[in-house]
Amino acid sequence: MGVTAGVLAIDAGNSKTDVAVVTAAGDVVGTARGGGFRPPTVGIGAAVDSLAETVGQAFAQAGVTSVAHVSACLANADLPVEEEQLAAALHARAWGSTVEVRNDTFAILRAGIAEPRGVAVVCGAGINCVGMRPDGRTARFPAIGRISGDWGGGWGLAEEALWFAARAEDGRGGPTELARTLPAHFGLDSMYALIEALHLEHIEHSRRHELTPVLFATAADGDPVARAIVDRLADEVVAMATVALTRLGLLDEETPVLLGGSILAARHPQLDDRIHDLLTDRAPKAVPQVVTASPVLGAILLGLDHTSAPEEVHTRVRTHYETTPSGA
């Protein structure tokens, strides 16, 4: 029979998965990295199968076969019912005696705060926001796209930029440099050529996200339409954060507001400045900061919260990830 460690932490995003095995004393004894986690695309069974390979690598490195608790922060666990389904699927693997599944945004939030108290807004491929208090109360949004009232993230920004650029070229809308810069990114000379290439999939659908940095560069060069799109993203970020703070009764208390994901972590000056200005006006006690810690650290800390590990254990793990470049 194998040795039982303290926590198996899983941070599974759309593009990659990080796994860590941590002892009850806070020693990181096994890590592994795998591919993305996409249950809506491949189904829960196949998605968990992909996790199993990565977990197996971490277990082998740690020399264990199970843990006391599994703390899994998973992309696409957007609704409580999805968290329950995924928790059941993970529990069936017998990786740990207990299993807790949360949306992966919670990992980013917990990685950036000293205690489970604060709000995080994450803007990468999509946009999401969560908040938590030490008493277990949380605030969250469905964050499944336009049907749940969401706008933003790399895909939303690219789609909006394409919409304005197309209309600028054919005369339905006002002028914008996006009509030139977006097709130029792919070596094309017109929006018509870009629209055709995207529609016929001569340019792969997955490459649309490449247009988001082009949007920000065009905004930085002063294009009013591009700047308005960036401003709208800042408005969305602050709206989500303010609502989450209000729901948790934290609007009038000094509270961390963590900003994570590739777009917010890029520190675009216009976006950063507007977010800070709007927060100062709408949530003056919010303390905004960009999260740079590895999200898997957040999954570990949530697991240690669950097991009521002493503060020195939390500190030991955080020190490991702050002093090891890869967190490995």
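Note that the structure is a prediction, hence the values are computed from the model and not measured. (Residues numbered from 1 in each chain as written. Predicted model: local features only at pLDDT ≥ 70, side-chain atom pairs only at ≥ 80, totals over all residues. Heavy atoms only, no water.)

S.K.: Whenever I open this one, the packing of aromatic side chains confuses me. Can you help?
M.R.: Given two aromatic rings, one states the distance between the centres and the angle between the planes to describe the pair. Using the criterion set out here, one finds one aromatic pair in the structure. Arranged with centres 5.0 Å apart and planes meeting at 85°, the rings of Trp163 and Phe164 form a pair that is edge-to-face. Judged by relative accessible area, which is 29%, Phe164 ranks as partly exposed. It is Arg102 that lies over the ring of Phe106; its NZ or CZ is 5.1 Å from the centre. When the ring centre of Phe141 is taken as origin, the NZ or CZ atom of Arg247, which lies over that ring, is 4.7 Å away. (Phe/Tyr/Trp six-rings, centres within 6.5 Å; stacked < 30°, edge-to-face > 60°. Buried < 20%, exposed > 50% of the residue type's maximum accessible area, 1.4 Å probe, protein only. Lys NZ or Arg CZ within 6 Å of the ring centre and 35° of its normal.)

S.K.: Sorry, what's going on with the packing of helix α2 (residues 44–62) against helix α3 (residues 80–91) here?
M.R.: In a packed pair of helices, the relevant descriptors are the angle between the two axes and the axis-to-axis distance. For the pair α2 and α3, the least separation of the axes is 10 Å and the interaxial angle reads 50°. Classed by the angle they form, the pair α2 and α3 counts as oblique. With respect to the hand of their crossing, α2 and α3 are arranged in right-handed fashion. Residues Ile44, Val48 and Leu51 of α2 touch α3, and the partners they reach there are Gln85, Leu86, Ala89 and Leu90. Partitioning the contact of α2 with α3 into residue classes produces six nonpolar, one polar and no charged. (Axes fitted to C-alpha atoms, helices over the stretch in contact; angles between N-to-C directions. Helix = DSSP H or I, 4+ residues; strand = E, 2+ residues; numbered from the N terminus. Parallel < 35°, antiparallel > 145°, perpendicular 65-115°, else oblique. Left-handed = near helix turned anticlockwise from the far one by under 90°. Contact = heavy atoms within 4.5 Å. Nonpolar A, V, L, I, M, F, W, Y, C, P; charged D, E, K, R; others polar.)

S.K.: Quick question: what am I supposed to make of the side chain of Gln270 here?
M.R.: Relative to the elements of secondary structure, Gln270 occurs in helix α11 (residues 269–282). A residue is classified by how much of its surface remains accessible, and Gln270, at 15% relative accessible area, is buried. Only 2.9 Å separates the side chain of Gln270 from the backbone oxygen of Arg227, close enough to count as a polar contact. If we ignore the near neighbours within four places in the chain, the residues touching Gln270 are Ala219, Arg227, Val230 and Asp231. (Polar contact = N/O pair within 3.5 Å; in protein donor to acceptor, adjacent residues only side chain to side chain.)

S.K.: I tried to follow the packing of helix α5 (residues 153–170) against helix α9 (residues 224–247) on my own but got confused; where do I start?
M.R.: Running from N to C, α5 and α9 cross one another at 150°; their axes reach a closest spacing of 11 Å. Classified by the angle between their axes, α5 and α9 sit roughly antiparallel to one another. Between α5 and α9 the crossing geometry is right-handed. Contacts between α5 and α9 involve Gly153, Leu157, Glu160, Ala161 and Phe164 from the first element and Val225, Ile229, Arg232 and Leu233 from the second. By residue class, the composition of the contact of α5 with α9 is six nonpolar, one polar and two charged.

S.K.: Help me out: how do you make sense of unusual backbone geometry in this one?
M.R.: Located in the positive-phi region is Ala143, a residue other than glycine, with phi close to 55°. Along the chain, the position of Ala143 falls in the loop between β8 (138–140) and α5. For Ala143, a relative accessible area of 15% gives the class buried. In this structure, Ser308 is a non-glycine residue whose phi angle is positive, near 55°.

S.K.: Got a minute to help me understand helix α8 (residues 211–220) in this structure?
M.R.: Every α-helix carries 3.6 residues per turn, so stepping three or four residues along brings you back to the same face. Counting buried residues along α8, seven of its ten residues qualify, which places the element largely inside the surrounding structure. Where α8 is concerned, the buried positions are Leu211, Thr212, Val214, Leu215, Phe216, Thr218 and Ala219. Gly222 sits one or two positions beyond α8 and adopts a positive phi of about 100°.

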